[in-house]
Amino acid sequence: MSDRPASWRMPTPKQMEKLAASIEGKGRPLGPQDEMPDEYWHAVLNDAQFETRSSERSSAGQRLAEIPQHVLRVSCRRCERIVEIQKADAIRLYGQQASWREVGQRLLNNTCQNRTGRYEEDGCWPAFEPV
């Protein structure tokens, strides 16, 4: 335990005045009622475009014909079951244009063992893993 008083965590009045002066020099801080600056919206939109491009590259969003791996693996986050299928078999069963997300969900649901009878709770929660 420390013998220091709690005041050591608080800035001194002189430090608070200095901090307030530095904020005033930059303009007043934004509040919830204020309009967001253009730089903020540019950053948000650029980040959303990055997310779109990265999700297109992820294996879950790709078509079966576009995936480079020969063995595809999907696991359930709920029951921790893992299902693997060869890419050639998946294409033969579901077609080249089927997305890996849909195929993985079907594979898990076909052998799902967590059935509660409620639609919202039934089924597996897929996690697409690189092999």
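This section reports on the structure supplied with the text. None of the values given here were measured: they were computed from a predicted structure.

## Some points on the pairing of strand S2 (residues 82-86)
Link 1 in the chain: The alternating pattern of S2 places Val83 and Ile85 on a buried face and Ile82, Glu84 and Gln86 on a face that is not buried.
Link 2 in the chain: Of the pairings in the sheet, the one linking strand S1 (residues 71-76) to S2 comprises five bridges and is antiparallel in character. Paired with arginine 73 across the two strands is glutamate 84, which belongs to S2.
Link 3 in the chain: If you look at the hairpin formed by S1 and S2, you'll find five residues sitting between the two strands, and glutamate 80 has a positive phi there, around 60 degrees.

## Focus: the side chain of serine 99
Link 1 in the chain: The topology assignment puts serine 99 in the loop between helix H3 (87-94) and helix H4 (100-110).
Link 2 in the chain: Not counting the four nearest positions on each side in its chain, serine 99 is found in contact with Gln62 and Arg63.

## Section: the packing of aromatic side chains
We describe a pair of aromatic rings using the distance from one ring centre to the other and the angle between the two ring planes.
Link 1 in the chain: The tally for this structure, following the rule as stated, stands at one aromatic pair.
Link 2 in the chain: With a centroid separation of 5.7 Å and an interplanar angle of 65 degrees, the aromatic rings of tryptophan 100 and phenylalanine 128 are classed as edge-to-face. Of this pair, tryptophan 100 sits in helix H4 while phenylalanine 128 sits in strand S3 (residues 126-129); the two residues are 28 residues apart in sequence, bridging distant segments of the chain.

## Re the sheet that holds S3
Link 1 in the chain: On the basis of which strands lie adjacent, the open sheet formed by three strands has the order S2-S1-S3 and antiparallel pairing. Each having just a single partner strand, S2 and S3 make up the two edges of the open sheet. Within the sheet, the average angular offset between the axes of one strand and its neighbour, ignoring direction, is 25 degrees.
Link 2 in the chain: In the packing of H3 onto the sheet, contacts are made with S1 and S2, and the angle to S2 comes to roughly 85 degrees.

Cut-offs and rules
Residues numbered from 1 in each chain as written. Predicted model: local features only at pLDDT ≥ 70, side-chain atom pairs only at ≥ 80, totals over all residues. Heavy atoms only, no water. Buried < 20%, exposed > 50% of the residue type's maximum accessible area, 1.4 Å probe, protein only. Helix = DSSP H or I, 4+ residues; strand = E, 2+ residues; numbered from the N terminus. Pairing = 2+ DSSP bridges. Contact = heavy atoms within 4.5 Å. Phe/Tyr/Trp six-rings, centres within 6.5 Å; stacked < 30°, edge-to-face > 60°. Axes fitted to C-alpha atoms, helices over the stretch in contact; angles between N-to-C directions.

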